[in-house]
Structures are given as C-alpha cells and as structure tokens.
Amino acid sequence: MTTVRQARRPERSQRPVPPTAPGWSPAAERRLRVIAPIAVGLLGLALWQFLVSVVGVSDYLLPSPAAILEQLVEFSSAILQATLVTGANALVGLVVGTVLAVLLAALAARWHAIDGMSAPIVASLAVVPIVALAPVLNSMFGADSQFGRQAIAALAAFVPVFLNTLRGLRQTLPVHRDLMRVYAASGAQAFRTVTLPTAVPYLMTGIRIASSLAVISALVAEYFGGPRGGLGTFIATSAATSAYARAWAYVAAAIALGLVFYLATALLEWLVLRRIPSGTAG
C-alpha cells in the first residue's frame, strides 16, 4: 500500500496552479470573486428598475423588482411552504437518482455486458421530454401523490451522476491495478483503496450538476399538474390570474432554491475532496 501512495506523490507537483491576475494578491483575488458577482447583480437590478420606472416597460412583460419584493414579503408564508414542497421533491429525486446511478455505474464498470445494455437506456433517459412525461406520471399516480414529480427529478439527476461516476471508475491507472495484484489484494480491497478514491471527484461533480437539474425538473413537473403545492404550481396559478409580480416572486424563490442546492452540493464536494489524498484522480 505504501508503494501505491509513493507512486502518487510526484503528481502533487504536477497539479496546475490557478492563475492569478498580474498585480493581484491571492486575498484580493478571492475578495474580487465574491464582490464581482454581487456588483453585477445589483447593477442588473438597477437597470431592471430603470426599464420599468423610467422607460415604462409594462408590468405584463416585466414587473419591477420593487413590486416583486413586495409580493415576496406579503406572501412569504405561502412562498416558504411551496419552496419546502419543491425542495423535498427535488431532494428525494436527487438522492434516489444518485443511488441508482452509482449502483448501475459500478455494475457497468465491472461487466462489459451491462455497460453495453445500459448505454442505450441512459441515452434514452437523457432526452426524455419532461413536459410530456410529467402529465403522464401525474395521471398515473393520482392527483394527491408527489411520486410523479420525485420520479422526474430522479430521472434528471440519474444521467449526469451515472456518466460522471462511470468515467471516474475507469480512470484508475493500470500501474496501480498491477501493484494491487502484486500485493495479492482482493477485488474489494483494490476497489476501496484505488478505484473508489479515483472515482469520487467525478461522482461529486456529477452530484453537483444533478442538484440543479433535480430542482428544475421538480419545478417543471409541478407546473404541469399534480397535487396543489410547490413553486411550479403557484407560478402557473399566479400567471393565469394575471398576478405577474407574484409569479415572479415564486420564480425568485425557485432561483434561490436552486442556488441552495448547488451551494450545498459544492460544499459537500469540497469537504469530501479534502479527505482524499492529492493525485488520486489520476
């Protein structure tokens, strides 16, 4: 085992160093990465308010940020409840889709026959139209069931996690596998010591990508029927009753929910990768 770690050590020096702008210290670079998006966002909101208040863009086309904020405050309780419903559907779909994707990727990496059979299935799932599938599942499982929405979120999360995990499981260097055979390590020991640490960065990337897709898919599934509740349902209802500022308030909550999912999975990725020795990704 020591030899495997020693073989990886030279790769530490080969890792690329993030470029730093000339004249900027690392601390200033980090502050700029935080300040710049906030400044751009505030500038965009100011331009938005200018278009509505001064230029005179109709509320039908684009409600003002002030009107949307007012609706956020007035309907905060309903928006929070709808956000929790959508977040629960997305979370269930993300977890279920991730588990199924990891299991199938492990089988596909181990047996070529399963890999060949799974390829067309995954390709088909990648192009499934949510707008067509959502009403079908909502009708199949009833108007009071959240299962159809969760299933759609799981399908959306499954594809990126599967593809990234399968790629990661195939990144193990042949020399590392040969060393494990020399040490007479079992298949489980080789998987735990070499294959799994190599695949984890790819798995975490897949989960980070899938987190946003799960939220979007759950939101779209809610938009096309099913039990009342969830951000998608209230966006459709508000737009249908010409409450456009309220609809945009629900959209803002959906954006915030997607950012929460993305940041949570990015934090999880950072915490997990800290525990993996440098260079295990091959």
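Residues numbered from 1 in each chain as written. Predicted model: local features only at pLDDT ≥ 70, side-chain atom pairs only at ≥ 80, totals over all residues. Heavy atoms only, no water.

Undergrad: Honestly, a nonpolar patch on the surface in this entry has me stumped. Any pointers?
TA: Taken together, the side chains of Val 34, Ile 35, Ile 38, Leu 42 and Leu 45 define a hydrophobic patch exposed on the protein surface, amounting to about 480 Å² of accessible area. Mapped onto the secondary structure, Leu 42 falls in helix H2 (residues 26–55). (Patch = residues over 30% accessible without salt bridge, like charges linked within 9 Å, V, L, I, M, F, W, Y side chains within 5 Å. Areas by Shrake-Rupley, 256 points an atom, 1.4 Å probe, with all protein chains shown as cover. Salt bridge = Lys/Arg side-chain N within 4 Å of Asp/Glu carboxyl O. Helix = DSSP H or I, 4+ residues; strand = E, 2+ residues; numbered from the N terminus.)

Undergrad: What is the right way to read the packing of aromatic side chains from this model?
TA: Between two aromatic rings, the relevant description is the distance of the centres plus the angle of the planes. Scanning all chains against the criterion turns up two aromatic pairs. Their ring planes at 10° and their centres at 5.7 Å tell us that Phe 158 and Phe 162 sit as a pair that is stacked. Within this pair, Phe 158 and its partner Phe 162 are both found in helix H7 (residues 147–169), separated by four residues, close to a single helical turn. With a centroid separation of 5.3 Å and 10° between ring planes, the pair formed by Phe 234 and Tyr 250 is classed as stacked. Here the residue Phe 234 occupies a position in helix H10 (residues 231–240), and Tyr 250 occupies one in helix H11 (residues 244–274), the gap between them amounting to 16 residues. (Phe/Tyr/Trp six-rings, centres within 6.5 Å; stacked < 30°, edge-to-face > 60°.)

Undergrad: For this particular structure, what's the right way to read unusual backbone geometry?
TA: Positive phi, close to 65°, is recorded for Ser 242, a residue that is not glycine. The class for Ser 242 is partly exposed, based on a relative accessible area of 48%. (Buried < 20%, exposed > 50% of the residue type's maximum accessible area, 1.4 Å probe, protein only.)

Undergrad: Explanation requested: the packing of helix H4 (residues 76–110) against H11 in the structure shown.
TA: In a pair of packed helices, the angle between the axes and the distance between the axes together describe the arrangement. At a closest axis distance of 10 Å, the pairing of H4 and H11 adopts a crossing angle of 40°. When the axis of H4 is compared with that of H11, the two are oblique. H4 and H11 meet at a crossing whose hand is right-handed. Packed against H4, whose contacting residues are Ala 78, Ile 79, Ala 82, Thr 83, Thr 86, Gly 87, Ala 90, Leu 91 and Leu 94, the element H11 presents Ala 249, Tyr 250, Ala 253, Leu 257, Phe 261 and Thr 265 at the interface. (Axes fitted to C-alpha atoms, helices over the stretch in contact; angles between N-to-C directions. Parallel < 35°, antiparallel > 145°, perpendicular 65-115°, else oblique. Left-handed = near helix turned anticlockwise from the far one by under 90°. Contact = heavy atoms within 4.5 Å.)

Undergrad: How should the side chain of Ser 211 be read in this particular structure?
TA: Residue placement: Ser 211 occurs in helix H9 (residues 187–223). In this structure Ser 211 comes out as buried when scored by relative accessible area, which is 0%. Setting aside residues no more than four positions away along its own chain, Ser 211 makes contact with Leu 94, Phe 261, Tyr 262 and Thr 265.

Undergrad: Can you walk me through the nonpolar core in this structure?
TA: Generally speaking, soluble globular proteins have nonpolar side chains that are buried together. Ranked by internal contacts, the top residues of the largest apolar core, which has 39 residues, are Phe 162, Leu 231 and Tyr 250. If sequence neighbours within four positions are ignored, Leu 231 has contacts with Ile 79, Ala 82, Thr 83, Thr 86, Leu 219, Glu 222, Tyr 250, Ala 253, Ala 254 and Leu 257. Ala 134, Ala 151, Ile 152 and Ala 221 belong to the second largest nonpolar core, which has five residues in total. (Core = buried A, V, L, I, M, F, W, Y, C linked by side-chain atoms within 4.5 Å.)

Undergrad: Explain H2 here, please?
TA: Note that an α-helix has 3.6 residues per turn; residues three or four places apart therefore point the same way. Its 30 residues place the ends of H2 42 Å apart at the C-alpha level, agreeing with the 44 Å of an ideal helix rising 1.5 Å per residue. Listing the buried residues of H2 in full gives Ala 28, Glu 29, Trp 48 and Val 52. Against helix H3 (65–74) and H11 lie the buried residues of H2. Gly 56 lies just past H2 and shows a positive phi near 90°. (Expected span 1.5 Å × (residues − 1).)

Undergrad: Whenever I open this one, the environment of Ser 238 confuses me. Can you help?
TA: Counting through the fold element by element, Ser 238 comes out in helix H10. The exposure class assigned to Ser 238 is buried, which follows from its relative accessible area of 4%.

Undergrad: I'm lost on the environment of Ala 214 in this one. Help?
TA: Among the secondary structure elements, Ala 214 is positioned in helix H9. The class of Ala 214 is buried, set by a relative accessible area of 0%. Along the sequence, Ala 214 and Ile 152 sit 62 residues apart, while their C-alpha atoms lie 8.0 Å from each other. Apart from the residues within four sequence positions on either side, Ala 214 is in contact with Ala 90, Leu 94 and Ala 153.

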